[in-house]
Amino acid sequence: MAVTIDGTTGVSLVQDGVVATADLADGAVTAAKIADTVPGIAQYPSEVSLNGISAADFTSIPSWVRKITIVTRNVSTASDANRVAVRVGTSGGFVSSGYTSMGLYVNNGNSPVIATVTNEWEFSGWGGASSFYHHVWNLYEATGDHWICDAMMTNESNAGYFNRCTGRIELGAELTQVRLFTDSGSNFDAGTVRISYE
């Protein structure tokens, strides 16, 4: 099961520009109207629970967005085989190919483990069901529809683990949605996620 959070629902906006008269034409200003027309910083005012779902979809991301930040807290998965991953998408759907993604994992000073995939951005080497994780994913639009990923993960249960993920993708169309999910399709069993964009 997946949950979808629409980018025009429940969005708060902070910005220091001016709303034009045309944006006030019907006498009512809403966060959704502003988010669609005025560049600024929009964020979801509350965290979304991941417990019992396999994916959280954030849709209707405004066209002016150049940076997206995804933050998770106390995330746990039901299986050791699960890894937390991110995909981006356009109006045609989520993209599942064409990524460059490198995950780096170091365990208490041992030799690093590096893994590369092409179907998503994901971390390497660690997916313990008994562990709790915190993630920060920063996605940047470089030029046109070229997006760069820079992410890190900390392990609440094991302080000696270091995880990074970097990569890029050329979408070929405007980014409109982001998905946080488990790469196996199994459900999360704990944790929350928040997204913001600017």
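Let me sum up the structure you'll find in this document.

1. Quick look at the overall build of the protein
So, step 1. Check the secondary structure of the protein and you find one helix and 16 strands.
So, step 2. In the protein, which comprises 198 residues, the share counted as buried stands at 43%.
So, step 3. Summarising the internal contacts of the protein: among those between residues at least 6 apart in sequence, 74% fall at separations of at least 24.

2. So, the pairing of strand β14 (residues 161-170)
So, step 1. On β14, burial follows the alternation: Tyr-161, Asn-163, Cys-165, Gly-167 and Ile-169 on one face are buried, whereas Phe-162, Arg-164, Thr-166, Arg-168 and Glu-170 on the facing-out side are not.
So, step 2. With eight bridges joining them, strand β9 (residues 100-107) and β14 adopt antiparallel strand pairing. When the sheet's bridge partners are listed, Thr-100 is paired in β14 with Arg-168.
So, step 3. Pairing between strand β13 (residues 146-155) and β14: eight bridges, direction antiparallel. When the bridges of β14 are listed, Ala-151 appears paired with Cys-165.
So, step 4. Hairpin connection from β13 to β14: five residues lie between these consecutive antiparallel strands.

3. Observations regarding the packing of aromatic side chains
So, step 1. Within this structure, the stated rule accounts for four aromatic pairs.
So, step 2. Each ring, one from Trp-64 and one from Tyr-197, has its centre 6.2 Å from the other, and the planes form 65°; the classification is edge-to-face. Of this pair, Trp-64 sits in the loop between β5 (55-59) and β6 (67-77) while Tyr-197 sits in strand β16 (residues 188-197), placing them 133 residues apart in sequence. An identical accessibility class is assigned to Trp-64 and Tyr-197; each is buried.

4. Section: the pattern of salt bridges
So, step 1. As enumerated under the stated definition, the model contains five salt bridges in all.
So, step 2. Across the pair Glu-141 and Arg-66 runs a salt bridge, and its minimum N-O distance is 2.9 Å. Of this pair, Glu-141 sits in strand β12 (residues 133-143) while Arg-66 sits in the loop between β5 and β6, and the two are 75 residues apart along the sequence.
So, step 3. Notably, a salt bridge pairs Asp-150 with Arg-164, separated by 2.2 Å at the nearest N-O pair. One end of the pair, Asp-150, is in strand β13; the other, Arg-164, is in strand β14, and 14 residues separate them in sequence.
So, step 4. Arg-164 sits in the partly exposed class, given a relative accessible area of 27%.

5. Structural notes on unusual backbone geometry
So, step 1. Phi at Ser-60 takes a positive value of approximately 55°, unusual for a residue other than glycine.
So, step 2. Secondary-structure assignment places Ser-60 in the loop between β5 and β6.
So, step 3. Residue Ser-60 is classed as partly exposed on the basis of its relative accessible area of 30%.
So, step 4. Phi at Asn-74 is positive, roughly 50°, even though this residue is not glycine.

6. Focus on the nonpolar core
So, step 1. Ile-68, Trp-121, Trp-137 and Leu-139 are the most contacted members of the largest nonpolar core, which totals 35 residues.
So, step 2. For this core, the secondary structure elements donating two or more residues are β5, β6, β7 (84-90), β12, β13, β14, β15 (177-182) and β16.

7. Focus on the side chain of Glu-122
So, step 1. In this structure, Glu-122 sits in strand β11 (residues 121-122).
So, step 2. Buried and unpaired, Glu-122 has Arg-83 as its nearest opposite-charge partner, separated by 4.7 Å.

8. Here we look at the environment of Ile-169
So, step 1. You can see Ile-169 is positioned in strand β14.
So, step 2. For Ile-169, a relative accessible area of 1% puts it in the buried group.
So, step 3. The spacing of Ile-169 and Tyr-99 is 70 residues in sequence and 4.9 Å in space, taken between C-alpha atoms.
So, step 4. Not counting residues up to four positions away in its chain, the partners in contact with Ile-169 are Val-88, Val-95, Ser-97, Gly-98, Tyr-99, Trp-121, Asp-145, His-146 and Trp-147.

9. Description of the environment of Thr-192
So, step 1. With respect to the secondary-structure elements, Thr-192 resides in strand β16.
So, step 2. Along the sequence, Thr-192 and Ser-49 sit 143 residues apart, while their C-alpha atoms lie 4.4 Å from each other.
So, step 3. Among all residues touching Thr-192, those that are not within four sequence positions of it are Glu-47, Val-48, Ser-49, Leu-50, Val-71, Thr-72, Arg-73 and Val-75.

The rules behind these values
Residues numbered from 1 in each chain as written. Predicted model: local features only at pLDDT ≥ 70, side-chain atom pairs only at ≥ 80, totals over all residues. Heavy atoms only, no water. Helix = DSSP H or I, 4+ residues; strand = E, 2+ residues; numbered from the N terminus. Buried < 20%, exposed > 50% of the residue type's maximum accessible area, 1.4 Å probe, protein only. Contact = heavy atoms within 4.5 Å. Pairing = 2+ DSSP bridges. Phe/Tyr/Trp six-rings, centres within 6.5 Å; stacked < 30°, edge-to-face > 60°. Salt bridge = Lys/Arg side-chain N within 4 Å of Asp/Glu carboxyl O. Core = buried A, V, L, I, M, F, W, Y, C linked by side-chain atoms within 4.5 Å. Lys, Arg positive; Asp, Glu negative; His and termini not counted.

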